[in-house]
Amino acid sequence: MKYNNPVVKGFYPDPSVIKVHNTYYMVCSSFQYFPCVPLFESKDLLNWKQIGHCLTHKSQIQLETVNSSGGVFAPTIRHNNGRFYMVTTNDTTHQNFYVWTDNIYGEWSEPIYVDQGGIDPDLYFEDGKTLFMSNGVDDEGVGGIVQCELEIETGRKLSPSRSIWNGTGGRYLESPHLYKMNGYYYLLAAEGGTEYGHMVTYARGTSSSGPFEAYVHNPVLTNRNLGGYELQGVGHGDLVQDDLGNWWLFHLGFRQIGRWATYHHLGREVFLTPITFDEDGWFTAGHEGTTLTSFETNRIPDTVIQQDKKNYTFENTDWNLDWCYLRHPNTEHYQLESDKLTLTGTDVTLDVPASPTFIGLRQKDFNATISVDVSLTSGEAGITIYMDENHHYEVAISGQQDGYKVVERLNIGDIKSREHEVDLGNKQHATLVIRSNQERYSFLFQTDGEEILLGTAQTRYLSSEVAGGFTGVLIGLYASGPDTSAEFTNFKCDYH
């Protein structure tokens, strides 16, 4: 059969995957968004259904003073003796911790902290022992992939932290994962930075603590030399084996906006690449060490049909799964119904690293039409195309006692521009519309059966190359102003 990449679209970076019985489970990074660490399941590797989040309580994660692209980094999910573990980092507070659950569909524990620095932590279980790994510096000041033994019930270190591998020479050695296969311990990592030089590397040894011998043809997977190729930033992977004994690599990558336009704004997404072992136990990945937009394979039955959801509404999404908030929300300002959203604004705006009245969906493809009916009392409410507090675009209704207007606003770094506005008179209602493609967003509104174009803006100014950071664009509904009350109905996001 043929399958298409990415297998999970939109801002879901740093995938980690396990298989328990006949089901695969995956977690991804969430940074400053809450709830944290999206959790998915799949029966066939291709079709993923979100079933929850790992961090759903304020007590589990500190987000109040987290800047954009701070907060929750690179989780790993593992399973041992019937218990699920998710280990991650709050990069803002520089704390590694893990939570656990005995019911993958239920609540997760309060955090257990580990006294080892670095990021991208991993847990490895064998013979009653638990090994903890991260990138960083060991107890002797040596950098690399750092390992210690843990008491899993408490997080207490049972051995000093020791550097066990220094990578292949690429910058930003990170994302360590340890596996035992074919009598060897394989140490998977990422190097090159999570940008255009990103790559997957690995080494193997006969002990879980090394020494490790690097694969002679590293990097085993990278798209860094495919100039003009739309899939870039390939790296940060996790291996998983299917029922037939085949191995696969789940990893991140991103789609740039065009063959010659080196910008990406949808965020880092989830890609699936086949792994093949040779007779000496070394493995290769993908097509000559690269990943592709599609793979032909006989490893997945022809009966599996890869789904691609194209239409999102209030009615066919789940407020607790598909939507997310900026940091910890004040839930009193959100009234969530099956076909309607009511927001109460505050004096916290989208321009500050706090928690404005905002609820968002990840943008999943370039070509889309987004629309919603908005009714307003006063203040401002509308749709935001949001990258971070310094890079976002809005189309909104703004109202005061002297009447109402539809406005288009662009926020690009230090430039905050109210681009266009149209008077609505005393009308408190309009249909707001955003149309997008690879290169531009167009901002429109509909009233009295007429559609009016306010203006357009380039997608590149919301890209990671311009904005920086590790996130992607969210389609947000928001309200701003302490006296604002806004009702949103007939929300649609249709991908073309």
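### Details of the overall build of the chain
Counting its secondary structure elements, the chain contains one helix and 39 strands. Its C-alpha radius of gyration of 23 Å places the chain within 12% of the 23 Å reference for a compact globule of 496 residues. Across its three principal axes, the chain shows a C-alpha extent of roughly 75 × 45 × 40 Å. Taking all 496 residues of the chain together, 61% fall into the buried category. Contacts in the chain between residues at least 24 apart in sequence constitute 57% of all its contacts with a sequence separation of at least 6. When the accessible area of the chain is evaluated, it comes to approximately 19,300 Å², of which 45% is carbon and sulfur surface. Averaging the locations of the 35 positively and 63 negatively charged side chains of the chain gives two centres separated by 3 Å.

### Re unusual backbone geometry
In this chain, Asn5 is followed by Pro6 through a cis amide linkage whose omega measures -5°. For Pro6, the location among the structural elements is in the loop between β1 (2-4) and β2 (16-20). Looking along the chain, the bond that leaves Asn218 and enters Pro219 is cis, with omega of 0°. Note that Pro219 resides in the loop between β19 (213-214) and β20 (231-241). With phi around 55°, Asn182 is a residue other than glycine that occupies positive phi space. Structurally, the position occupied by Asn182 is in the loop between β16 (174-181) and β17 (184-191). Classification of Asn182 by relative accessible area gives exposed; the value is 58%. Phi is positive for His236, which is not a glycine, with a value near 50°. Within the secondary structure layout, His236 lies in strand β20.

### Side note on the layout of surface pockets
The volume enclosed by the largest pocket comes to roughly 860 Å³. Lining of the largest pocket is provided by 33 residues; of these, Val7, Lys9, Asp308, Lys309 and Tyr312 occupy positions nearest its centre. The class makeup of the residues in the lining of the largest pocket is 13 nonpolar, 11 polar and nine charged. There is about 470 Å³ of room inside the second largest pocket. Lining the second largest pocket we find 18 residues, and of these Ile18, Arg78, Tyr179, Leu239 and Trp247 sit closest to its centre. Contributions of two or more residues to the lining of the second largest pocket are made by β2, β7 (72-80), β11 (122-126), β16 and β20. Its residues assigned to classes, the lining of the second largest pocket shows 11 nonpolar, three polar and four charged.

### Topic: the sheet that holds strand β5 (residues 36-42)
Spatial strand order, β2-β3-β5-β6: four strands in an open sheet with antiparallel pairing. Here the strands that pair on one side only, and so sit at the sheet edges, are β2 and β6 (49-55). For this sheet, the mean angle separating the axes of adjacent strands, direction not counted, is 25°. In this sheet, β5 lies alongside strand β3 (residues 23-27) in antiparallel orientation, the contact comprising four bridges. Residue pairing for β5: Met26 is matched across the bridge by Phe40.

### What to know about the side chain of Thr313
Note on placement: Thr313 falls in strand β25 (residues 311-313). Relative accessible area serves as the criterion here: at 16%, Thr313 is assigned to the buried category. In this structure, Thr313 is in contact with Phe491 and Lys492, ignoring residues within four places of it in sequence.

### Some words on the sheet that holds strand β18 (residues 199-205)
With antiparallel pairing, the four strands of this open sheet are ordered in space as β16-β17-β18-β19. Here the strands that pair on one side only, and so sit at the sheet edges, are β16 and β19. Strand direction decides the pairing type here: β17 and β18, joined by seven bridges, are antiparallel. Looking at the pairing, Tyr185 lines up with Gly205 of β18.

### Comments concerning the pairing of β7
Summarising burial for β7: seven of the nine residues are buried, a large majority. Judged from the seven bridges that link them, β7 and strand β8 (residues 83-90) form a sheet pairing that is antiparallel. Bridge pairing in β8 links Val72 to Asn90. What sits between the antiparallel neighbours β7 and β8 is a turn of two residues, in which Asn81 has the positive phi angle 50°.

### Observations concerning the state of the cysteines
The tally for this structure, following the rule as stated, stands at zero disulfides. Cys324 supplies the cysteine sulfur nearest to Cys36, a cysteine that is in no disulfide, at a spacing of 9.6 Å.

### Quick notes on the nonpolar core
Residues Leu477 and Phe488 are the most contacted members of the largest nonpolar core, which totals 45 residues. With residues up to four places along the chain from it excluded, the contact list for Phe488 reads Phe314, Asp339, Lys340, Leu341, Leu343, Val372, Asp373, Val374, Ala381, Gly382, Leu477 and Tyr478. In terms of nonpolar packing, the next biggest core, distinct from the first, is built from 22 residues, Leu39, Val72, Phe84 and Met86 among them.

### Focus: the pattern of salt bridges
In the structure shown here, the tally under the stated rule is 25 salt bridges. Of the charged contacts in the structure, one is a salt bridge between Asp238 and Arg78, with a shortest N-O distance of 3.1 Å. Pair noted here: Asp238 is in strand β20 and Arg78 is in strand β7, with a separation of 160 residues, a long-range link. The two residues Asp238 and Arg78 agree in class, both being buried. A salt bridge links Arg156 to Glu151; the nearest nitrogen and oxygen atoms lie 3.4 Å apart.

Each value, and the rule that gives it
- Residues numbered from 1 in each chain as written.
- Predicted model: local features only at pLDDT ≥ 70, side-chain atom pairs only at ≥ 80, totals over all residues.
- Heavy atoms only, no water.
- Helix = DSSP H or I, 4+ residues; strand = E, 2+ residues; numbered from the N terminus.
- Rg over C-alpha atoms; globule rule 2.2 N^0.38 Å.
- Buried < 20%, exposed > 50% of the residue type's maximum accessible area, 1.4 Å probe, protein only.
- Contact = heavy atoms within 4.5 Å.
- Areas by Shrake-Rupley, 256 points an atom, 1.4 Å probe, with all protein chains shown as cover.
- Lys, Arg positive; Asp, Glu negative; His and termini not counted.
- Charge placed at Lys NZ, Arg CZ, Asp CG, Glu CD.
- 1 Å grid on protein atoms, 1.4 Å probe; cavity = no way out; pocket = protein on both sides within 12 Å on 5 of 7 lines; lining within 4 Å.
- Points joined across faces, edges and corners; volume = space filled by probe spheres on them.
- Nonpolar A, V, L, I, M, F, W, Y, C, P; charged D, E, K, R; others polar.
- Pairing = 2+ DSSP bridges.
- Axes fitted to C-alpha atoms, helices over the stretch in contact; angles between N-to-C directions.
- Disulfide = S-S within 2.5 Å.
- Core = buried A, V, L, I, M, F, W, Y, C linked by side-chain atoms within 4.5 Å.
- Salt bridge = Lys/Arg side-chain N within 4 Å of Asp/Glu carboxyl O.

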